[in-house]
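Inside the fold
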Amino acid sequence: MAEINVTVEMRERMADLPLSIASNNRQDLEVLRPIEKSMPKLLGKRFGHDEWSAVCERIQGAAEYIQEIEAGRHQQELQAQKVFANMRDEIAAANARALAAERMLQDVQQRASAVVKTLEDKLQQAEERARDAEDWLVRISEAVKSNLSFP
């Protein structure tokens, strides 16, 4: 009965594994298959020392195989956590750069608006001075025409 439970547990664990792990280790699974094939024959007879030794060896081999798979899964999990941590750091850095760029853009826009406003004010003042100058030129021209008569 213990052998059947080991086989069932192995099947359940293998079903939970990612396909890449399961497909890469099909050769290792073949080690477990002889237990399944020989179970009906073994159930009807009493086990001797050799049979029990073989069963123990197979159980030990299966346990080692499971430990290897678990260690590999643990390593993959650690690598995935590192990748996710790096991604989080990169996203945070990108967000910080984007925020800094937005602030710089706002600052540039404010400065550009101030420069445009200053230039508009200077343009308005220049236009007013030009109108004043034109008015003075018209007055001077009229004064010259009215006060000086040329034959």
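Residues numbered from 1 in each chain as written. Predicted model: local features only at pLDDT ≥ 70, side-chain atom pairs only at ≥ 80, totals over all residues. Heavy atoms only, no water.

Here we take up the overall build of the protein. Broken down by element type, the protein carries five helices and zero strands. When the helices and strands of the protein are listed from N to C terminus, the series reads α-α-α-α-α. Going through the 151 residues of the protein one by one, you find that 11% of them count as buried. Within the structure as shown, the protein displays about 12,700 Å² of accessible surface, and the carbon and sulfur contribution to it stands at 57%. (Helix = DSSP H or I, 4+ residues; strand = E, 2+ residues; numbered from the N terminus. Buried < 20%, exposed > 50% of the residue type's maximum accessible area, 1.4 Å probe, protein only. Areas by Shrake-Rupley, 256 points an atom, 1.4 Å probe, with all protein chains shown as cover.)

Per the stated rule, a full pass over the model turns up four salt bridges. A salt bridge links R111 to D107; its shortest N-O distance comes to 2.8 Å. Placement of both R111 and D107 in helix α5 (residues 49-147) is noted, with a separation of four residues, approximately one turn of the helix. Take D107: its relative accessible area is 33%, and that puts it in the partly exposed class. Between K117 and D121 there is a salt bridge whose closest N-O contact spans 3.1 Å. (Salt bridge = Lys/Arg side-chain N within 4 Å of Asp/Glu carboxyl O.)

In the predicted model, the protein carries a mean pLDDT of 81, and 69% of its residues have values of at least 70. No element of the protein has a lower mean pLDDT than helix α2 (residues 19-24), which averages 48, and none a higher one than α5, which averages 95. Below pLDDT 50 for its whole length, residues 1-8 participates in seven contacts with residues either more than four positions away or in separate chains. Confidence over residues 19-23 falls short of pLDDT 50; this stretch has three contacts with residues more than four positions distant or in other chains. (pLDDT = per-residue confidence, 0-100. Contact = heavy atoms within 4.5 Å.)

Among the surface-exposed residues, V83, F84, M87 and I91 lie close enough to one another that they form a single nonpolar patch of about 380 Å² accessible area. For V83, a relative accessible area of 45% gives the class partly exposed. (Patch = residues over 30% accessible without salt bridge, like charges linked within 9 Å, V, L, I, M, F, W, Y side chains within 5 Å.)

We now examine α5. Here α5 is 99 residues long and its end C-alpha atoms lie 144 Å apart, about the 147 Å a rise of 1.5 Å per residue gives. Those residues of α5 that sit buried are V55, A62, Y65, I66 and I69. (Expected span 1.5 Å × (residues − 1).)

With that out of the way, let us pick up the packing of aromatic side chains. Applying the stated rule across the entire model yields zero aromatic pairs. The ring of W136 carries the charged tip of R139 above its face, separated from the ring centre by 4.8 Å. (Phe/Tyr/Trp six-rings, centres within 6.5 Å; stacked < 30°, edge-to-face > 60°. Lys NZ or Arg CZ within 6 Å of the ring centre and 35° of its normal.)

Turning our attention to a negative patch on the surface. A contiguous patch of negative charge on the surface is contributed by E127, E128, D132, E134 and D135. Following the sequence through the fold, D135 ends up in helix α5. Judged by relative accessible area, D135 falls into the partly exposed class, the value being 42%. (Lys, Arg positive; Asp, Glu negative; His and termini not counted. Charge placed at Lys NZ, Arg CZ, Asp CG, Glu CD.)

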